[in-house]
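# Secondary and tertiary structure notes
These are the residues of each chain, in order.
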Amino acid sequence: MASFQKQSSLITGRQPILEALKEGKQLERIFLQKNTVGEIISEIKKYAADLQVPINVVPSEKLNSLSRSNHQGIIGISSLVQYFELQQVIDLCTEKGEIPLFLMLDGVTDVRNIGGIARSALVCGVQAIIIPDRGVGALNEEAVKASAGALEQIHICRVTSLLKAVDSLHLNGFKIFCSELDAPVKVYDADFTEPTCIIVGNEEKGIQSYLTKASDVRFTIPMKGKFDSLNVSVATGIILFEALKQRMK
């Protein structure tokens, strides 16, 4: 039997989705049926691109599994969290006189891990979590629940390119750190007291190579014994606690 999304989180039909985008309503993503075209669809694509709302092109079965209504080949999912522009949050930190501590998620797809990461981020003073518009777990009800509400209390910046986000951070004086298993620097020897963005990656694939090359410092969490794998949420908590400890001194 199909599992239907809560109707309150769905926006179905072309005109309702277009109006929602025009009003600046935040959407998690849009599902568009294959080969669906038209003037309104073109407008939706334009507004979605401007607002950095991902569009997933899917078969009709996907849309029918979400809603029984006359969806006209398109369904939008309302966002449960508020998204911010990256520069907006950087400027906010500057105005408050804070030293930025940002977190970037690369390929973290498990929503429970994202929830756990958000909890650690909030209590360790992270001002923003940067995520890509694709290749990351949805910030849905399960993720918000796993975060114990932390995702609703921290700035979430959704970007079309993590590499471009790194470039923007560099231009704003950030130092970029990435966690790697065989990195030359131990986590406690890295200096997290400057404007900082820490990249954490997928447990199996790690951080994408182009992001590690763009980083300023690669560090590792030392581990005893032959076991060399930490859950990404646990690892992030260890890293962020070290950053918090340094900043509290």
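Quantities reported herein were computed from a predicted structural model and do not represent experimental measurements. (Residues numbered from 1 in each chain as written. Predicted model: local features only at pLDDT ≥ 70, side-chain atom pairs only at ≥ 80, totals over all residues. Heavy atoms only, no water.)

Let us now look at the side chain of T196. With respect to the element layout, T196 can be found in strand β10 (residues 196-201). Residues in contact with T196, not counting those within four places in the same chain, are P100, L101, F102, F174, K175, F177, D191 and R247. (Helix = DSSP H or I, 4+ residues; strand = E, 2+ residues; numbered from the N terminus. Contact = heavy atoms within 4.5 Å.)

Within soluble globular proteins, side chains that are nonpolar tend to cluster in buried spots. Ranked by size, the top nonpolar core spans 37 residues in total, and within it L103, L105, I129, F192 and I198 carry the most contacts. Only β5 (101-106), α5 (111-123), β6 (128-132), α6 (141-146), β10, β11 (217-220) and α9 (232-248) provide two or more residues apiece to this core. Apart from residues no more than four positions distant in its own chain, L105 is found in contact with I114, I117, I129, I130, I131, P132, L162 and V200. Grouped together as the second largest cluster of nonpolar side chains are 23 residues, I90, A128, L162 and C197 included. (Core = buried A, V, L, I, M, F, W, Y, C linked by side-chain atoms within 4.5 Å. Buried < 20%, exposed > 50% of the residue type's maximum accessible area, 1.4 Å probe, protein only.)

A rise of 1.5 Å per residue sets the reference length of α5, with its 13 residues, at 18 Å; its end C-alpha atoms lie 19 Å apart and thus fit the reference within 8%. Along α5, the residues classified as buried are V111, N113, I114, G115, G116, I117, A118, S120 and A121. On its buried side, α5 packs onto β5, β6, α6 and α9. At the N-terminal boundary of α5, the capping side chain belongs to D110, with an oxygen 2.8 Å from the backbone nitrogen of R112. Once α5 finishes, G125 follows within two positions and takes phi at roughly 90°, a positive value. (Expected span 1.5 Å × (residues − 1). Polar contact = N/O pair within 3.5 Å; in protein donor to acceptor, adjacent residues only side chain to side chain.)

As a further point, take the pairing of β6. Counting buried positions along β6 gives five out of five residues, so the element sits mostly inside the fold. Across the two faces of β6 the burial is the same, with A128, I130 and P132 and I129 and I131 all buried. Relative to β6, β5 runs parallel, the two sharing three bridges. The partner of M104 across the bridge, within β6, is I130. Where the polypeptide runs from β5 across α5 and back to β6, its parallel neighbour, the crossover connection is right-handed. Where β6 and strand β7 (residues 155-159) come together, five bridges link them in parallel fashion. (Pairing = 2+ DSSP bridges. Right-handed = clockwise from strand over helix to strand, strands pointing away.)

The sheet built from four strands is open, its strands ordered β1-β4-β2-β3 with mixed pairing. Two strands close off the open sheet at either side, each with one partner strand: β1 (10-12) and β3 (55-58). Neighbour-to-neighbour, the strand axes of the sheet open up by a mean angle of 20°, direction not taken into account. Direction of pairing for strand β2 (residues 27-33) relative to strand β4 (residues 74-78): antiparallel, over a ladder of five bridges. Residue pairing in the sheet places R29 in a bridge with I77 of β4. (Axes fitted to C-alpha atoms, helices over the stretch in contact; angles between N-to-C directions.)

Taken by themselves, the reported measurements are silent on function.
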